[in-house]
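An overview of the molecular structure
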Amino acid sequence: MGKRAGALAGMSKPSRLLRLSKASLGPAEHKAVQRPLERAFLGMGSEVRAFEEELATYLGRPVVCVVNGTAALQLALQACGIGRGDEVLVPSLTYVASFQAIAATGATPVACDIREDSCTLDSADAGRRLTARARAVMPVHYAGGVGTLDEVCTFAAEHGLRVVEDAAHAFGSTHRGVPVGGSGDIACFSFDGIKNITSGEGGCVVSDDATVLARVRDARLLGVENDTAARFSSQRSWDFDVTAQGWRYHMSDIMAAIGRVQLGRRAELAARRQALAQQYVEALRGHAEIRPVLQSFDTVVPHIFPVRIIGLRDRDGLRRVLRERGIETGVHYRPNHTLSYFTRPGQAPLPVTERVYAELLTLPLHPDLTATDIGFICDALNAALV
Ligand SMILES: *Cc1c(COP(=O)(O)O)cnc(C)c1O
């Protein structure tokens, strides 16, 4: 069967562009953002404090909010004392944010291969790339699924590594009956404009390790010690000490005001994503070559909907045909070990990543899509692949 994009004569086109990803915002978000504006307090204050408390209630652990998910990953690693000369094991198939966050600490990201079934870190491959310089492993919850997280944690425990989960895709997913981030060592979320919940930009670090969180709290405010407490009561510190590298990575009250509404809508937004993804799985079942990376959404809140198209030869052509039908698609992700900045001489091959990457295509998924939209997309994809 030819996998080149075929003609789609006679198919109707939806009246709007079906976007790949998009925030779902309502009147409550519009209203909430007025609060900090009316108070004329736009920095880190009472809204951030409340957002942290509400997140902690949901996740069951203390939370520190920062300016984005990349900063959360960087500060979490820094708080573990990871830096120059250290290595962090990370799947190559992730957003470049994971790699840049590691590199920002001075440490070296070591690109690892993935499991074919879930596109998440293969801990056996990570084991083969392990050196005495390795200090942490960063599993990435691709599309919202945690893959074999328990295996990764066992591997880390055996080798004395920290586990910093890149949970940017997985807000709302559960693992062993508790929300992702509610167990394990350290988890980092992103609340950027297209993630499962958004605060415009934003992110957070979640952990039971009080030392790590205290360091992240200071590091987000230029390293000014204990400044968070002052800011949460509308003050700031004037007489302070700085003992570590800090960054200007705090979250603003404008962001937190939006995030609090989205957190309140968490269940509704998650149910929408789950229902749409389930519909994709059923509609694509008849097409043996199209294999959704995730098939079941009982414990997964899907952030994206990647499919693997077995034998796909002309992805660009297929994407063009779909775009002409008003369907925006994506490719998650160009493997990081192929990027000039992160290619390492003598790097052992990553055969699964390269094989899977060549066949990946991401279909639109966000809460404002309808069942009709999903049906239209599946028809267009099926027709294009005949
Ligand atoms: C979005 C994302 C990040 C970074 O989050 P930002 O808030 O955009 O900085 C990290 N890792 C993955 C896999 C992501 O998708």
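Being a predicted model, the structure only gives us computed values, none of them experimental.

Some details on the site of the ligand
- Around the ligand there are 16 residues in total, and G69, T70, D166, S190 and K195 lie nearest to it.
- Separating an oxygen atom of the ligand from a side-chain N or O atom of T70 is a distance of 2.6 Å.
- In the environment of the ligand, an oxygen atom lies 2.8 Å from a nitrogen or oxygen atom belonging to the side chain of H169.
- Its free accessible area being 380 Å², the ligand has 94% of it covered by the protein chains.
- Contributing elements (two or more residues each) for the shell around the ligand: α4 (69–79) and α5 (96–104).
- For the shell around the ligand, the per-class residue count stands at five nonpolar, eight polar and three charged.

Points about the sheet that holds strand β2 (residues 87–91)
- What the seven strands build is an open sheet, ordered β1-β9-β8-β5-β4-β2-β3; its pairing is mixed. Each having just a single partner strand, β1 (63–66) and β3 (108–112) make up the two edges of the open sheet. Across the sheet, the axes of successive neighbouring strands diverge by a mean angle of 25°, strand direction being ignored.
- Against the sheet, helix α3 (residues 46–59) makes contact with β1, β8 (186–190) and β9 (203–207), and its axis sits at roughly 135° relative to β1, the strand it touches most.
- This element, α4, spans β1, β2, β4 (134–137), β5 (162–166), β8 and β9 of the sheet and lies at about 160° to β8.

Side note on the side chain of T120
- By the element assignment, T120 lies in the loop between β3 and α6 (123–128).
- On the basis of relative accessible area, T120 is assigned to the buried category, the value being 2%.
- Here S118 takes part through its side chain, which lies 2.6 Å from a polar atom of the side chain of T120.
- Beyond its immediate sequence surroundings of up to four residues, T120 is in contact with I114, R115, V140, Y142, G145, V146, G147 and T148.

Considering the nonpolar core
- Counting residues in each nonpolar core, the largest one holds 41 residues, and the members touching the most others are L284, F305, L318, L363 and L381.
- Counting residues per element, the ones that place at least two in this core are α11 (266–284), β11 (305–309), α12 (315–324), α13 (351–357), β12 (360–363) and α14 (371–385).
- The element best represented in this core is α14, accounting for eight residues.
- In terms of domain composition, this core takes at least three residues from each of domain 1 (2–20 + 266–384) and domain 2 (27–264).
- A71, L73, L77 and I102 belong to the second largest nonpolar core, which has 32 residues in total.

Side note on the sheet that holds β11
- Strand order across the open sheet formed by three strands is β10-β11-β12, with antiparallel pairing between neighbours. A single partner strand is all that each edge strand has here, and the edge strands are β10 (290–292) and β12. Here the average twist between neighbouring strands, direction ignored, is 35°.
- Where β11 lies against β12, four bridges are found, and the strand directions are antiparallel. Across the sheet, the residue bridging to P306 is T362, located in β12.
- The strands touched by α12 are β11 and β12; relative to β12, the strand with the most contacts, the crossing angle is about 15°.

Examining the packing of α11 against α14
- At a closest axis distance of 10 Å, the pairing of α11 and α14 adopts a crossing angle of 35°. The crossing of α11 and α14 is right-handed. Counted together, L276, Q279, Y280, A283 and L284 of α11 and A371, I374, G375, I377, C378, L381 and N382 of α14 form the full contact between these two elements.
- The class makeup of the residues in the contact of α11 with α14 is nine nonpolar, three polar and no charged.

As for the state of the cysteines
- Tallied over the entire structure, the rule returns zero disulfides.
- Not engaged in a disulfide, the cysteine C65 finds its nearest cysteine sulfur in C204; these two sulfurs lie 5.4 Å apart.
- Here C65 falls in the buried class, since its relative accessible area comes to 0%.
- The exposure class of C204 is buried, given its relative accessible area of 0%.

Some words on the domain arrangement of the chain
- As assigned here, the chain comprises domain 1 (2–20 + 266–384) and domain 2 (27–264).
- Relative placement of domain 1 and domain 2: their C-alpha centres are 27 Å apart.
- Counting residues at the interface gives 33 residues for domain 1, matched by 39 residues for domain 2.
- Counting each side, the surface lost to burial between domain 1 and domain 2 is near 3000 Å², with a carbon and sulfur contribution of 56%.
- It is R266, H303 and Y333 that lose the most area in domain 1 upon contact with domain 2, and together they represent 25% of the buried surface on that side.
- At the junction of domain 1 and domain 2, the tally comes to three salt bridges.
- Between E116 and R355 there is a salt bridge whose closest N-O contact spans 2.7 Å.
- The interface formed by domain 1 and domain 2 holds 19 residue pairs in polar contact (both at pLDDT 80 or more) in total.
- The set of elements that each furnish at least two residues to the side of domain 1 that touches domain 2 consists of α11, β11 and α13.

Conventions we followed
Residues numbered from 1 in each chain as written. Predicted model: local features only at pLDDT ≥ 70, side-chain atom pairs only at ≥ 80, totals over all residues. Heavy atoms only, no water. Near = heavy atom within 4 Å. Polar contact = N/O pair within 3.5 Å; in protein donor to acceptor, adjacent residues only side chain to side chain. Areas by Shrake-Rupley, 256 points an atom, 1.4 Å probe, with all protein chains shown as cover. Helix = DSSP H or I, 4+ residues; strand = E, 2+ residues; numbered from the N terminus. Nonpolar A, V, L, I, M, F, W, Y, C, P; charged D, E, K, R; others polar. Pairing = 2+ DSSP bridges. Axes fitted to C-alpha atoms, helices over the stretch in contact; angles between N-to-C directions. Contact = heavy atoms within 4.5 Å. Buried < 20%, exposed > 50% of the residue type's maximum accessible area, 1.4 Å probe, protein only. Core = buried A, V, L, I, M, F, W, Y, C linked by side-chain atoms within 4.5 Å. Domains from an automatic or database assignment. Left-handed = near helix turned anticlockwise from the far one by under 90°. Disulfide = S-S within 2.5 Å. Buried area = accessible area lost by both parts, 1.4 Å probe. Salt bridge = Lys/Arg side-chain N within 4 Å of Asp/Glu carboxyl O.

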